[in-house]
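Coordinate inspection notes
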Amino acid sequence: MNPGTTTSIKRMIRQEVFPTPFCPGCGHGILLGAILRAIDELGWSMDEFLFVSGIGCGGWIPSPHFAADTLHVTHGRAIAFATGAKLFNPELKVVVIGGDGDLASIGGNHLIHGARRNIDLTVICANNMIYGMTGGQVTPTTPHGAYTMTTPQGNPERPFDLCQLVAAAGASYVARYSVYHVRQLIRSLKRALQHPGFSFVEVLSSCPVQYGRRNELRSPVAMLNYFREHCVPISRAHTMDSAELADKIVIGEFVR
Ligand SMILES: Cc1ncc(C[n+]2csc(CCOP(=O)(O)OP(=O)(O)O)c2C)c(N)n1
Ligand SMILES: [Mg+2]
């Protein structure tokens, strides 16, 4: 069986029947597949892992889907639980998967202090730029001017660049891709999983239902096209000035 194929990763998913927590067109399913493909391509067993997630649509990525040990904990506290588990059993590969609200808003302090300590965790942020599960409120990564339930006139605030934030705090592997850039994303996830120390991968994920419908990106295809058209590789970004970069999202590896 070829690693990374649908047939190969099927055994890594729980086979019980349960309703999907994801809306049609949600990018979190693409990220789910990318994480499993990365682990499969590395030839690692799910038994070596603990996946920790908080509350939100992003928190549903590992739990209940992954056929592995999972901790589904309180909103914003996944990195704190993961730190405890890692300290108790340093042999475990501990992976945190959470939303932008979960990791950067209520959990923002755990994120920067986890990075500062450079603790050996892999943190994957499913950044759909909104509180998806609770109806579409603004988050610290919602773009300036974007419409959400709580910013009906457009977001007046400037968003965090999560990669710059965790890099400045001390993370030793930092990368950003989108669910449109699946092959690059899988390669980056493999590097993050292999990296000793705090590794962080921000993954821009489509949310046509809560984000897209308020921002003229109502269809799943429109959201993927948005990522295709707005993401600029770091190598190209170096040749662009700030005006050209104004509405762009830089992707690639920022710390390696
Ligand atoms: C302590 C606490 N505060 C607030 C909530 C309500 N809540 C649940 S999920 C969530 C935000 C979800 O957004 P995000 O983390 O970005 O995940 P997404 O659903 O977008 O994937 C909020 C505010 C909660 N469950 N617990
Ligand atoms: Mg979110």
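Before any of the text, the structure's been laid out above.
Residues numbered from 1 in each chain as written. Chains lettered and ligands numbered in written order. Predicted model: local features only at pLDDT ≥ 70, side-chain atom pairs only at ≥ 80, totals over all residues. Heavy atoms only, no water.

Side note on the side chain of D102
Counted only if it meets this: Here a helix means four or more residues in a row that DSSP labels H or I, a strand means two or more in a row labelled E, and each is numbered from the N terminus. Burial classification: accessible surface area is computed with a 1.4 Å probe over protein chains only, and a residue below 20% of its type maximum counts as buried, one above 50% as exposed, and the rest as partly exposed. Residues scored as positive are Lys and Arg, those scored as negative are Asp and Glu, and His as well as the terminal groups of each chain are ignored. A carboxyl oxygen of Asp or Glu within 4 Å of a side-chain nitrogen of Lys or Arg is what we treat as a salt bridge.
Relative to the assigned elements, D102 resides in helix α4 (residues 100-106). Buried within the structure, D102 lacks any salt-bridge partner; its nearest side chain of opposite charge belongs to R77, at an N-O separation of 7.5 Å.

Some words on a nonpolar patch on the surface
Put simply, the test is: Candidates for patches are residues over 30% relative accessible area with no salt bridge; among them, like charges are joined within 9 Å and nonpolar side chains (Val, Leu, Ile, Met, Phe, Trp, Tyr) within 5 Å. Areas reported here follow the Shrake-Rupley algorithm with a probe of radius 1.4 Å; residue values treat only the protein chains shown as occluding.
Residues I55, W60 and M133 make up a contiguous nonpolar surface patch of about 250 Å² in total accessible area. A relative accessible area of 38% places I55 in the partly exposed class.

Topic: the nonpolar core
Selection criterion: Buried Ala, Val, Leu, Ile, Met, Phe, Trp, Tyr and Cys residues that are joined via side-chain atoms within 4.5 Å together make up what is termed a nonpolar core. In what follows, a contact means two residues having at least one pair of non-hydrogen atoms within 4.5 Å.
Counting 44 residues, the largest nonpolar core has L31, I35, F51, I61, F66 and L189 as the members making the most contacts within it. For this core, the element with the most residues is helix α2 (residues 28-42), which contributes seven residues. In contact with I61, not counting residues within four places along its chain, are F22, H28, L31, L32, I35, F66, I97 and A126. Grouped together as the second largest cluster of nonpolar side chains are 25 residues, L103, C125, F198 and F200 included.

Some thoughts on the sheet that holds strand β4 (residues 122-127)
Here is the rule: One bridge is not enough; two strands pair if DSSP finds at least two bridges between them. Each axis is a line fitted through C-alpha atoms, taken for helices only over the stretch in contact, and angles between the N-to-C directions span 0 to 180 degrees.
Reading across from one edge, β2-β1-β3-β4-β6-β5-β8-β7 is the order of the eight strands in this open sheet, with mixed pairing throughout. The open sheet terminates on both sides in strands that have one partner only, identified here as β2 (69-72) and β7 (231-233). Each adjacent strand pair in this sheet contributes to an overall mean axis angle of 20 degrees, direction not counted. One ladder, built from five bridges, connects strand β1 (residues 49-53) with strand β3 (residues 93-99); its direction is parallel. From the neighbouring strand, S53 faces β3, where its bridge partner is I97.

What to know about the site of ligand 1
The criterion, for reference: Here a residue is near a molecule or strand as soon as one of its heavy atoms is found within 4 Å of it. Polar contacts, as used here, are pairs of N or O atoms within 3.5 Å; protein pairs need one atom able to donate a hydrogen and one able to accept it. Residues neighboring in sequence count only if both atoms are side-chain atoms. The residue classification treats Ala, Val, Leu, Ile, Met, Phe, Trp, Tyr, Cys and Pro as nonpolar and Asp, Glu, Lys and Arg as charged. All others, Gly included, are polar.
Surrounding ligand 1, one finds 17 residues, the nearest of these being C57, G58, D100, D102 and G132. Contact between ligand 1 and H28: an oxygen atom at 3.0 Å from a side-chain N or O atom of the residue. One of the backbone N or O atoms of G132 is found 2.8 Å from an oxygen atom in ligand 1. When ligand 1 is considered free in solution it has 590 Å² of accessible area, and contact with the protein chains removes 73% of it. Sort the elements by how many residues they give to the shell around ligand 1 and α4 lands first, with four residues. Here the shell around ligand 1 is composed, by residue class, of six nonpolar, nine polar and two charged.

Section: the packing of α2 against helix α7 (residues 182-194)
Heads up, the condition is: What sets the label is the angle itself: under 35 degrees gives roughly parallel, over 145 gives roughly antiparallel, 65 to 115 gives roughly perpendicular, and the rest give oblique. The handedness criterion is simple: a crossing whose near helix is rotated anticlockwise from the far helix by less than a right angle is left-handed, and one whose near helix is rotated clockwise is right-handed.
Between α2 and α7, whose axes approach to 9 Å, the crossing angle comes to 55 degrees. The orientation of α2 relative to α7 falls into the category oblique. The way α2 lies across α7 gives a crossing that is right-handed. In this structure, α2 contributes I30, L31, A34, I35, R37, A38, I39, E41 and L42 to the contact, and α7 contributes V182, R183, L185, I186, L189, K190, L193 and Q194. When grouped by side-chain class, the residues that make up the contact of α2 with α7 number 12 nonpolar, one polar and four charged.

On their own, these measurements won't tell you what the molecule is for.
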